[in-house]
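# Secondary and tertiary structure notes
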Amino acid sequence: MTTQSDLKKLAEQMAGSMKSFDDIKDFQKQLMQSFIDTALEACQ
């Protein structure tokens, strides 16, 4: 499982590449879709 420290490092890395709130929303949407796809594949 991902630790809080790992999540903080990832957030710091991602923050450097995001220039606007829309970038954050787009990333959140992509991340959620990836999670849903992975979860659905695991259930099959």
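Residue positions within a chain follow its written sequence, with the count starting from 1. The predicted origin of the model limits local features to residues at a pLDDT of at least 70 and limits the giving and counting of side-chain atom pairs to 80 or more, whereas totals for whole chains, interfaces and linings rest on all residues. Hydrogens are left out, water is left out, and the side-chain values use all remaining heavy atoms of the structure.

Here we take up the overall build of the protein chain. The helix count covers DSSP runs of H or I at least four residues long, the strand count covers runs of E at least two residues long, and both are numbered beginning at the N terminus. Check the secondary structure of the protein chain and you find two helices and zero strands. Projected onto the principal axes, the alpha-carbon positions of the protein chain cover approximately 35 × 25 × 10 Å. When a residue's accessible area, from a 1.4 Å probe over protein chains only, is under 20% of the maximum for its type it is buried; when over 50% it is exposed; and in between it is partly exposed. Residues counted as buried form 2% of the 44 residues belonging to the protein chain. The convention is simple: Lys and Arg are positive, Asp and Glu are negative, and His and the chain ends are not counted. Charged side chains are reduced to one point each, which is NZ for Lys, CZ for Arg, CG for Asp and CD for Glu. Within the protein chain, one finds 5 positive and 7 negative side-chain charges whose respective centroids are separated by 7 Å.

Side chains carrying opposite charge are able to pair once their charged atoms draw close together. Whenever a carboxyl oxygen of Asp or Glu lies within 4 Å of a side-chain nitrogen of Lys or Arg, that contact is scored as a salt bridge. Inspection of the entire model under this criterion finds two salt bridges. Residue lysine 8 pairs with glutamate 12 through a salt bridge whose shortest N-O separation is 3.4 Å. Here lysine 8 and its partner glutamate 12 are both found in helix α1 (residues 4-15), four residues apart, which amounts to about one turn of the helix. Given a relative accessible area of 54%, lysine 8 falls into the exposed group. Its salt-bridge partner being lysine 25, residue aspartate 22 comes within 3.5 Å of it at the nearest N-O pair. A residue pair is termed a helical-turn pair when its members lie 3 or 4 positions apart in one helix, as aspartate 22 and lysine 25 do in helix α2 (residues 21-43) at three residues. Judged by relative accessible area, aspartate 22 falls into the partly exposed class, the value being 46%.

What follows concerns a nonpolar patch on the surface. Patches here are clusters of residues that have more than 30% relative accessible area and form no salt bridge, with a 9 Å joining cutoff for like charges and a 5 Å cutoff for nonpolar side chains (Val, Leu, Ile, Met, Phe, Trp, Tyr). Surface accessibility follows the Shrake-Rupley procedure with a 1.4 Å probe radius. Residue values consider only the protein chains on display as shielding. A surface patch of nonpolar side chains, about 410 Å² in accessible area, is lined by Met32, Phe35, Ile36 and Leu40. Mapped onto the fold, isoleucine 36 is located in helix α2. Judged by relative accessible area, isoleucine 36 falls into the partly exposed class, the value being 35%.

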